Amino acid sequence: MQTQKQTQTLAQPQAQPQTQARHRIVVLGGGYAGAGAAGRLAKRLHRDDVRITLVNADPDFVERVRNHQLATGQTLEHRPLSEMFAGTGVEVKPARVTAVDADGKTVTVTGAEGEEELTYDTLVYALGSGWNDHGVPGTAEHAHELASRSGALRLRARLAELDAGRPVVVVGGGLTGVEAATEIAESHPDLDVCLVARAGLGDWLSPKGRRHLRKVFGRLGITVHEHTAVTTVEADRVTTDDGTAIPAAVTVWTAGFAVHPLARATTLQVTDRGQIVVDETMRSVSHPDVYAVGDAAHALGAGGKPLRMSCASGVPTAWQAADAIAARLTGRKLPKLTPRYFNQCISLGRKEGLIQYVTADDRARNAALTGRPAALYKELVCKLAAWGAANPTLGAPTRVRRVTQPSPSRPGSPATTQAAA
Ligand SMILES: Cc1cc2nc3c(=O)[nH]c(=O)nc-3n(C[C@H](O)[C@H](O)[C@H](O)COP(=O)(O)OP(=O)(O)OC[C@H]3O[C@@H](n4cnc5c(N)ncnc54)[C@H](O)[C@@H]3O)c2cc1C
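Predicted model, so just to flag it, every value in this text is computed and none were measured.

> Explain the overall build of the protein chain to me, using residue names and the numbers behind them.
Within the protein chain one finds nine helices and 24 strands. Scaling as 2.2 N^0.38, a compact globule of 421 residues should have a C-alpha radius of gyration of about 22 Å, and the protein chain matches this with 22 Å. Relative to its 421 residues, the protein chain shows a buried fraction of 53%. Intrachain contacts of the protein chain at a sequence separation of at least 6 include 66% that bridge at least 24 residues. The positive charge centre, built from 48 side chains, and the negative charge centre, built from 41, are 9 Å apart in the protein chain.

Pasting the structure below:
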């Protein structure tokens, strides 16, 4: 995804009183979006002026776009968040967020030291998403998921114990389903892999992309049930909407993501899906001191279309939020980015790939890169995304700006007019 830059001038900065307490920024979630936002804030803002706390349930950064690789037995790099943020001034707090009080400006977390309440001046909400079982009976009990690292590890253990010839059913014909089915078929050629897709296989792709997808599926021996919905999942089969039972020693459920339910339990304005509604600077439309980024945010991209839940959207939204927060605190020009897509990078196992070039609003162009070069391109994109997260300030902070706006919530501080700019 790329962005187009415009600028908007804010009111003249006021001098920051020397005695002003540090502005407290709490970032919830250390995935691609949260880690990206925390690092960018540390790069932009002087550490004497802000205190940045990054809360994440897992002590490690999870390279979620590689969960299908983890599930098929590959080893991923271990990336502790504390090491990633060492020397940046960002305080990493391994803890689970259990509540957000968006009116009282507090967050409740549970970590090694028990329950704790964190107070913020600015909140960046980046709790991401999990799997979405759409309420299909038996899914929660019997299906495996890839949205979380723990889910991927459970699937890995289960795949490893299957005898040759056993059936594996991947449900969901989107990007995650396609990547999962091909990865499993390539790494476990003795298993009988099939994919069930509600629509046609890759029907959002260009003709070249679709042809290539079918070729690779054929080469890997993956059976495809198109225009088919799964209505029930049991321990040894799935049943489809026309009553067909498909044998399944393992069912892998990849039919979309559901956002973390926490936002819905707050007074923040959310969509029906539970995503926080934000403006073009990723600021909540109901609570100006809250920003939402990544899968958790309902943000609009080119053509006014909601951004797709993806790493490709998460990183630019994180940068946009961080830059907007820094601009508002330092009285500088407010960046206004129009997020746009450039391509969809799809792995088809380790040796094959598909790069589908798309319009700014994510519709397939009539051009695609396929084969080994596409696999290498996709690998490079994954490496860059992880590198960006693991080097949150890109080495050393280079543009450390002084905060000029008083923290609005501090006793004695004049209420900021900037927050409403
Ligand atoms: C197998 C797979 C392949 C994918 N491939 C691609 C791809 O090729 N390209 C692409 O663009 N996208 C891809 N995606 C989607 C992409 O991974 C997500 O859209 C992206 O991770 C969203 O980033 P995020 O930071 O918003 O959320 P996440 O990466 O989910 O990060 C959220 C963070 O919040 C933490 N968290 C959650 N709940 C709590 C809590 N209560 N307390 C504390 N911390 C919490 C989590 O531990 C996590 O670290 C893929 C997803 C999967 C599952």
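> I'd like a rundown of the pattern of salt bridges, residues and numbers included.
Any two side chains of opposite charge can pair, given that their charged atoms come close. For the structure shown, the criterion picks out 24 salt bridges. Arginine 24 is the partner of aspartate 121 in a salt bridge, and the nearest nitrogen-oxygen pair spans 3.0 Å. Taken as a pair, aspartate 121 in the loop between β6 (114–119) and β7 (122–125) and arginine 24 in strand β2 (residues 23–28) lie far apart in primary sequence, 97 residues in all. Judged by its relative accessible area of 22%, arginine 24 is partly exposed. Two residues, glutamate 352 and arginine 219, come together in a salt bridge whose shortest N-O distance is 3.1 Å. Here arginine 219 lies in helix α7 (residues 207–220) and glutamate 352 lies in the loop between β22 (343–347) and β23 (353–358), a separation of 133 residues in the sequence. We classify arginine 219 as exposed; its relative accessible area is 53%. When salt bridges that share partners are traced, they join Glu63, Arg66, Glu77, Arg79, Glu183, Arg350, Glu379 and Lys383 into one network.

> Before we move on, could you go through helix α9 (residues 371–390) and cite the residues and values that matter?
Between its terminal C-alpha atoms α9 stretches 29 Å, which fits the 28 Å expected from 20 residues at 1.5 Å a residue. Of the positions making up α9, those classed as buried are Gly371, Ala374, Ala375, Lys378, Cys382, Ala385, Ala386, Ala389 and Ala390. Down the axis of α9, the sector holding all buried residues measures 150°, keeping them to one side. Exposed and facing more than 90 degrees away from the buried side of α9 are Leu380 and Leu384.

> Could you give an account of the site of the ligand, naming the residues involved and the relevant values?
Taken together, 32 residues form the shell around the ligand, and within it Asn56, Arg64, Val97, Cys311 and Lys378 come nearest. Between arginine 64 and the ligand, the recorded distance is 2.7 Å, taken from a side-chain N or O atom to an oxygen atom. A distance of 2.4 Å is found between an oxygen atom of the ligand and a side-chain nitrogen or oxygen belonging to lysine 378. Burial of the ligand by the protein amounts to 90% of the accessible area it has alone, namely 990 Å². Here the shell around the ligand takes three residues from strand β4 (residues 90–101), the largest share from any one element. Looking at the shell around the ligand, its residues break down into 15 nonpolar, twelve polar and five charged.

> Help me get a handle on the environment of arginine 96, residues and values and all.
Mapped onto the secondary structure, arginine 96 falls in strand β4. For the pair arginine 96 and tyrosine 357, spaced 261 residues apart in sequence, the C-alpha separation works out to 38 Å.

> Tell me about the state of the cysteines, and please be specific about residues and values.
In a disulfide, the sulfur atoms of two cysteines are covalently bonded to one another. Applying the stated criterion across every chain yields a total of zero disulfides. With no disulfide of its own, cysteine 345 lies closest to cysteine 382 among cysteine sulfurs, the gap being 8.0 Å.

> I'd like a description of the nonpolar core, backed by residues and values.
Core analysis: the largest hydrophobic core is formed by 62 residues, its most contacted members being Ile25, Leu28, Leu41, Ile52 and Tyr125. It is helix α8 (residues 311–330) that provides the largest number of residues to this core, a total of eight residues. Those residues in contact with isoleucine 25, other than ones at most four positions away along the chain, are Leu41, Leu45, Val50, Arg51, Ile52, Thr53, Thr122, Val124, Ile325 and Leu329. Formed by 31 residues, the second largest nonpolar core is a distinct cluster that contains Leu146, Leu205, Val216 and Ile222.

> Outline a negative patch on the surface, listing residues and values.
Residues Asp101, Asp103, Glu115 and Glu117 make up a contiguous surface patch of negative charge. Tracing the chain through its elements places glutamate 117 in strand β6.

> Tell me about the packing of helix α6 (residues 175–187) against α7, and please be specific about residues and values.
Contact geometry of α6 with α7 gives a least axis separation of 10 Å together with a crossing angle of 30°. Considered as vectors, α6 and α7 are oriented roughly parallel to each other. Viewed along their axes, α6 and α7 form a crossing whose handedness is left-handed. Contact residues: α6 offers Val178, Ala181, Thr182, Ala185 and Glu186, while α7 offers Leu213, Val216, Phe217 and Leu220. Within the contact of α6 with α7, the residues separate by chemical class into seven nonpolar, one polar and one charged.

What counts and what doesn't
- Residues numbered from 1 in each chain as written.
- Predicted model: local features only at pLDDT ≥ 70, side-chain atom pairs only at ≥ 80, totals over all residues.
- Heavy atoms only, no water.
- Helix = DSSP H or I, 4+ residues; strand = E, 2+ residues; numbered from the N terminus.
- Rg over C-alpha atoms; globule rule 2.2 N^0.38 Å.
- Buried < 20%, exposed > 50% of the residue type's maximum accessible area, 1.4 Å probe, protein only.
- Contact = heavy atoms within 4.5 Å.
- Lys, Arg positive; Asp, Glu negative; His and termini not counted.
- Charge placed at Lys NZ, Arg CZ, Asp CG, Glu CD.
- Salt bridge = Lys/Arg side-chain N within 4 Å of Asp/Glu carboxyl O.
- Expected span 1.5 Å × (residues − 1).
- Arc of directions from axis to C-beta.
- Near = heavy atom within 4 Å.
- Polar contact = N/O pair within 3.5 Å; in protein donor to acceptor, adjacent residues only side chain to side chain.
- Areas by Shrake-Rupley, 256 points an atom, 1.4 Å probe, with all protein chains shown as cover.
- Nonpolar A, V, L, I, M, F, W, Y, C, P; charged D, E, K, R; others polar.
- Disulfide = S-S within 2.5 Å.
- Core = buried A, V, L, I, M, F, W, Y, C linked by side-chain atoms within 4.5 Å.
- Patch = residues over 30% accessible without salt bridge, like charges linked within 9 Å, V, L, I, M, F, W, Y side chains within 5 Å.
- Axes fitted to C-alpha atoms, helices over the stretch in contact; angles between N-to-C directions.
- Parallel < 35°, antiparallel > 145°, perpendicular 65-115°, else oblique.
- Left-handed = near helix turned anticlockwise from the far one by under 90°.

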